[in-house]
Amino acid sequence: HVAGDPIGKVPLADLSPEDLQAWLLRLADKPGRGGGTLSQQTLLHVYRYLGAALNAAVVRGLLDANPLRLVDAPKVKGDPSKIRAWTADEARRFMAHLAASAAPNARMWRAVFGLVLATGVRRGEIAGLMWRDINLVARTLTVARTRLAGQSDTSPTKTTGSSRTLHLCHEATKYVAELETIRDTNRERLGPAWADTGFLVVLPDGNPPEPDTITQRMRRDSATAGVPDIGLHGLRHTFATLALSGGVSPHLVTAALGHHDVGFTLRTYAHLLPG
């Protein structure tokens, strides 16, 4: 969105607020991954990315001032009403469907989706989890990195607060143990052909699936299970709403989600809670 745009060829010294405003307008017309154009949130991410680069240029003496400061940042309006989550019954139906499914790798995917439901981790976080992040003796899971679509390696977590260590409940521990059993079985069956990548979520050959593959698989399984398609991030929302409505402390839920404060968590999910 930066280097691939005409603005990427403009010398730093020639960069003007008008150039940057035109760049944002071009971005706003680009197609998004889910249909339509790029979201305001994506535009804000890219705006901040370029802003950080230009701030670095100022620090290094390549620019006198950051011209992006004269261009308004994209506005993102949070709309909690658009958050989609399952009821407890819908979550049970989905998991029961996978337990009985004869689809390829259904056992593995049930453990993956169950782990997300039991911990509230993000898509990139579950895709980036490594076995070294798991301690089954202490029953902990450490979120230390993320893996984004199109990346073969991992990146730092979304924010500093996103790096966190979670206590694994009984159900979450069972799902991790199930993934370990599946991994060991596939490794023994394939021998040298099995790739030891170190990732927690891997296909039978040992290689991790693309994050988009995880999302697509959940969409198919949701359809066959007859439950609403809430997207993989909807499992995170389901974890939060079921935990809060079940009486779990908002402080604990906030820490598990990696949110920056309790108020944000409650503002996000209050409309889904009874009363």
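Attention in this report is confined to the structure presented alongside it.

The rules behind each value
- Residues numbered from 1 in each chain as written.
- Predicted model: local features only at pLDDT ≥ 70, side-chain atom pairs only at ≥ 80, totals over all residues.
- Heavy atoms only, no water.
- Helix = DSSP H or I, 4+ residues; strand = E, 2+ residues; numbered from the N terminus.
- Buried < 20%, exposed > 50% of the residue type's maximum accessible area, 1.4 Å probe, protein only.
- Contact = heavy atoms within 4.5 Å.
- Areas by Shrake-Rupley, 256 points an atom, 1.4 Å probe, with all protein chains shown as cover.
- Lys, Arg positive; Asp, Glu negative; His and termini not counted.
- Charge placed at Lys NZ, Arg CZ, Asp CG, Glu CD.
- Phe/Tyr/Trp six-rings, centres within 6.5 Å; stacked < 30°, edge-to-face > 60°.
- Lys NZ or Arg CZ within 6 Å of the ring centre and 35° of its normal.
- Salt bridge = Lys/Arg side-chain N within 4 Å of Asp/Glu carboxyl O.
- Pairing = 2+ DSSP bridges.
- Polar contact = N/O pair within 3.5 Å; in protein donor to acceptor, adjacent residues only side chain to side chain.
- Axes fitted to C-alpha atoms, helices over the stretch in contact; angles between N-to-C directions.
- Parallel < 35°, antiparallel > 145°, perpendicular 65-115°, else oblique.
- Nonpolar A, V, L, I, M, F, W, Y, C, P; charged D, E, K, R; others polar.

### Side note on the overall build of the protein chain
The number of helices and strands found in the protein chain is 10 helices and three strands. Put simply, the protein chain runs from its N terminus to its C terminus through helices and strands in the order α-α-α-α-α-β-β-β-α-α-α-α-α. Overall, the protein chain is about 60 × 55 × 35 Å in size when its C-alpha atoms are taken along their principal axes. The buried share of the protein chain, reckoned over its 275 residues, is 41%. Sequence separation of 24 or more characterises 60% of the internal contacts of the protein chain that already satisfy a separation of 6 or more. Summed over all atoms, the accessible surface of the protein chain reaches about 14600 Å², with 56% contributed by carbon and sulfur. Across the protein chain, the mean location of the 32 positive side-chain charges is 3 Å away from that of the 25 negative side-chain charges.

### A word on the packing of aromatic side chains
The way to describe two aromatic rings as a pair is by their centre distance and the angle between their planes. Under the definition given, this model contains three aromatic pairs. Seen in terms of ring centroids, Trp86 and Phe94 are 4.7 Å apart; in terms of plane orientation they differ by 40°. Their pairing is tilted. In this structure Trp86 comes out as buried when scored by relative accessible area, which is 3%. Taking the relative accessible area as the measure of exposure, Phe94 reaches 0% and is therefore buried. Here the aromatic rings of Phe94 and Phe113 are separated by 5.8 Å at their centres, their planes lie at 55°, and the arrangement is tilted. Taken together, the residues Phe94 in helix 3 (residues 88–100) and Phe113 in helix 4 (residues 106–119) connect sequence positions 19 residues apart. Here Phe113 falls in the buried class, since its relative accessible area comes to 0%. Here the aromatic cluster, defined as three or more aromatic residues joined through ring pairs, consists of Trp86, Phe94, Trp109 and Phe113. The side chain of Arg183 reaches across the aromatic face of Trp131, ending 4.5 Å from its centre.

### Some details on unusual backbone geometry
In this structure, Asn105 is a non-glycine residue whose phi angle is positive, near 60°. With a relative accessible area of 32%, Asn105 lands in the partly exposed category. Backbone geometry at Arg139 places phi at a positive 60°, although glycine is not the residue there. Mapped onto the elements, Arg139 comes out in the loop between strand 1 (134–135) and strand 2 (140–143).

### Considering the pattern of salt bridges
Taken as a whole and assessed by the stated rule, the structure comprises 13 salt bridges. A salt bridge links Glu125 to Arg122, with the nearest nitrogen and oxygen atoms 2.7 Å apart. A salt bridge links Asp133 to Arg145, with the nearest nitrogen and oxygen atoms 2.4 Å apart. With a gap of 12 residues between them, Asp133 in the loop between helix 5 (123–128) and strand 1 and Arg145 in the loop between strand 2 and strand 3 (164–167) connect regions that are remote in the sequence. The exposure classification of Asp133 matches that of Arg145, with both residues buried.

### Describing the sheet that holds strand 1
Here we have three strands laid out as an open sheet, ordered 1-2-3, and antiparallel in their pairing. A single partner strand is all that each edge strand has here, and the edge strands are strand 1 and strand 3. When strand 2 meets strand 3, the two strands line up antiparallel, connected through four bridges. Looking at the pairing, Leu141 lines up with Leu166 of strand 3.

### Quick look at the side chain of Glu125
As for its placement among the helices and strands, Glu125 is situated in helix 5. Only 2.9 Å separates the side chain of Glu125 from the side chain of Arg164, close enough to count as a polar contact. Apart from the residues within four sequence positions on either side, Glu125 is in contact with Val143, Arg145, Thr146, Ser162 and Arg164.

### Observations regarding the packing of helix 9 (residues 250–257) against helix 10 (residues 262–269)
Closest axis-to-axis distance for the helix 9/helix 10 pair is 9 Å, and the angle between their directions is 95°. In this view, helix 9 runs roughly perpendicular relative to helix 10, as classed from their interaxial angle. Contacts from Pro250, His251, Val253, Thr254 and Leu257 of helix 9 reach helix 10 at Val262, Thr265, Leu266 and Tyr269. Residue classes in the contact of helix 9 with helix 10 are distributed as six nonpolar, three polar and no charged.

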